[in-house]
Each structure stands twice: as C-alpha cells, then as structure tokens.
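Read off the chains here:
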Amino acid sequence: MSGERTMRRMSQESVGRRRFERRVSSQSQHEVIQLVLDRRLQAGAPPPTETELMEDLGVSRDSVREAPKALQALDTVDIRHGYGTYAGEASLTPFVDGLTFRTLARPDGDTAALAEILQVREILEDGLVRRVAGTLTDDEPDALEAVVDRLEAAGKAGEPDDPTPELTVRRHRDIVAALRARDDEGAQRAMSDHFRGIEARAAQASQGVG
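Residues numbered from 1 in each chain as written. Predicted model: local features only at pLDDT ≥ 70, side-chain atom pairs only at ≥ 80, totals over all residues. Heavy atoms only, no water.

Some points on the overall build of the protein chain
Quick reminder of the rule: Going along the chain from the N terminus, every DSSP run of H or I of four or more residues is numbered as a helix, and every run of E of two or more is numbered as a strand. Partly exposed describes any residue whose relative accessible area lies between the buried limit of under 20% and the exposed limit of over 50%, with all areas from a 1.4 Å probe on protein chains only and scaled to the type maximum. Note on definitions: a residue-residue contact is assigned when non-hydrogen atoms from the two residues lie within 4.5 Å. Here the accessible surface of atoms and residues is derived via Shrake-Rupley with a 1.4 Å probe, and residues count as covered only by protein chains that are part of the display.
In terms of regular secondary structure, the protein chain is built from 8 helices and 2 strands. In the protein chain, the succession of helices and strands from N to C terminus is α-α-α-β-β-α-α-α-α-α. The buried share of the protein chain, reckoned over its 210 residues, is 23%. Sequence-distant contacts in the protein chain: of pairs separated by 6 or more residues, those separated by 24 or more amount to 53%. In the form shown here, the protein chain has an accessible surface area of approximately 14300 Å², with 53% of it arising from carbon and sulfur atoms.

Laid out in structure tokens, this is it:
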C-alpha cells in the first residue's frame, strides 16, 4: 500500500509539474509577443538573446527556448536554422489555415464553419476598409478597378460558380467607387451590403434554393 501511495503521489506531482510548465510556457509566449510589440520589432529583426529574455521575463532557459517554437506556428517569430530567431511576418496564414481545417473537418452539409468564415471576413474587411479609404494612393483605385474588371470577365465566362455575377461585380464596384472618393463611411456601407448579399446566397444554398 505504501508503494502504491508513493507511486500515486509521484504521478500527481508529475501532472502538477507538467501543468505548471505549460502555464509558464504560455505566459512566456505572451510576454515574448508583448516584448516584440513594445520594442516595435519589424519582420526580420532579431529579438533579444536568450540571456536577455531570461532576465527580462524571469523564466528559465527551457521556457525561453520553448516559447519561440510555439510562436513560430503563429508566424510571430521566424526560426531560421543555422542563423537564429527573428521577428516574424505575423501574417494571417495560420489563422486562415485553421479556419480551412475546421471547414474541411465538418460533416457534409454542416454550414456552420462557412458562416464562421464569413463572419471573420466581414469583421476584418469591414474594419479595414475605413482605414484603406484614407490611405489609398491616387493609382490604387485604378488597380482595384482592374481587379473588378477581371472579376467581371470571369463571371461572364462562368467562373467562378456564382449565381449572380452581375450583382457581385456591382457590389465590388460600389466599394471601389467609395474608396476612390475617399468616403470611408460609404466604403463601409458598401462592404456591409456586399456581405449581406453573400450571407443571403449562402443561406439559399444551404436550403437547396437556387
């Protein structure tokens, strides 16, 4: 019995130690991210050394080494073997990959993942379009118009599979027109109208309505 109690206690201590290590590692990750932000490190810039991080964060060398490995998956840091660790691009690729996986892993006919992707897209694009309206150069609206022209040509050719290609093109032209006029509120309204149309078509498709 004494041996069993000892084994059980050792097992509990091991579990507790692993939980503590995970908590410390997670905390270290957040602190490394905050440090990158505080120091305004641009992509490709080297972060502080391990010794500096240990001193600044008050954590062990193991925690300092584990944090970048986890953050690399988020594109927050870039580990270049043989060269070192650098600030990453912080792109949305890991986020997009995660959403894609969630969508593909859903059972057939489950439209919840698609709805989630639309919601995320709307939040991002609806918020960004106001900023874009105030920062566009004189040439960029023309470039956007050219993209819409290509979208229109693709719609006339039956690509992609869009039941209302004319409406899609018109919505995009409304967005570009507002951006050209530097009308941030108009651009946001046009973007919202665009997403309302997408949601309506997605709802029809999920119900088998053509």
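Digging into the packing of helix H6 (residues 140–156) against helix H7 (residues 165–180)
Threshold: Axis lines are fitted through C-alpha atoms, for helices just across the contact stretch, and the angle between N-to-C directions can take any value from 0 to 180 degrees. In this scheme, roughly parallel covers angles under 35 degrees and roughly antiparallel covers those over 145, while 65 to 115 is roughly perpendicular and the rest are oblique. Note on residue classes: Ala, Val, Leu, Ile, Met, Phe, Trp, Tyr, Cys and Pro are nonpolar, Asp, Glu, Lys and Arg are charged, and everything else, Gly too, is polar.
H7 packs onto H6 with a crossing angle of 175° between their chain directions and a minimal axis gap of 10 Å. Comparing their axes, H7 and H6 come out roughly antiparallel. When H6 is examined against H7, the residues Pro141, Asp142, Leu144, Glu145, Val148, Asp149, Leu151, Glu152 and Gly155 are found in contact with a partner set consisting of Pro165, Thr168, Val169, His172, Arg173, Val176, Leu179 and Arg180. Residues belonging to the contact of H6 with H7 are distributed by class as follows: 8 nonpolar, 3 polar and 6 charged.

Thoughts on the pattern of salt bridges
Defined as follows: Here, a salt bridge means any side-chain nitrogen of Lys or Arg that lies within 4 Å of a carboxyl oxygen of Asp or Glu.
Applying the stated rule across the entire model yields 8 salt bridges. Of the charged contacts in the structure, one is a salt bridge between Arg173 and Glu152, with a shortest N-O distance of 2.8 Å. Of the two residues, Arg173 is situated in helix H7 and Glu152 in helix H6; the sequence distance between them amounts to 21 residues. Under the relative-accessibility criterion, Arg173 is labelled partly exposed at 23%.

What to know about the packing of helix H2 (residues 50–57) against helix H3 (residues 61–72)
Packing of H2 against H3 brings their axes to within 9 Å, and their N-to-C directions diverge by 110°. The orientation of H2 relative to H3 falls into the category roughly perpendicular. Contact residues: H2 offers Glu50, Thr51, Leu53 and Met54, while H3 offers Arg61, Val64 and Arg65. The residue makeup of the contact of H2 with H3, split by class, is 3 nonpolar, 1 polar and 3 charged.

Structural notes on H6
Our working definition: Multiplying 1.5 Å by the residue count of a helix minus one yields the expected span of that helix. The arc under discussion is defined with respect to the helix axis, by the directions toward the C-beta atoms.
End to end, H6 covers 25 Å across 17 residues, agreeing with the expected 24 Å (1.5 Å per residue, within 8%). Inspection of H6 places Pro141, Val148 and Gly155 among the buried residues, and these make up the whole buried set. In an axial view of H6, the angular spread of the buried residues amounts to 30°, which keeps them on one side of the axis. In this structure, the buried residues of H6 make contact with H7. Downstream of H6 by one or two residues, Gly158 has phi in the positive range, about 85°.

Section: H7
Relative to the 22 Å expected for 16 residues at 1.5 Å per residue, H7 spans 22 Å between its end C-alpha atoms, a close match to the ideal helical length. Of all the residues in H7, the buried ones are Pro165, Thr168, Val169, Ile175, Val176, Ala178 and Leu179. Of the residues one or two after H7, Arg182 is the one with positive phi, at around 60°.

Side note on the confidence of the model for the protein chain
What counts is decided by this rule: pLDDT: the predictor's confidence for each residue, scored from 0 to 100.
Taken over all residues, the pLDDT of the protein chain has a mean of 75, while the share at 70 or more is 70%. Of all helices and strands in the protein chain, the one with the weakest mean pLDDT is helix H1 (residues 2–38) (58), whereas H7 scores best (93).

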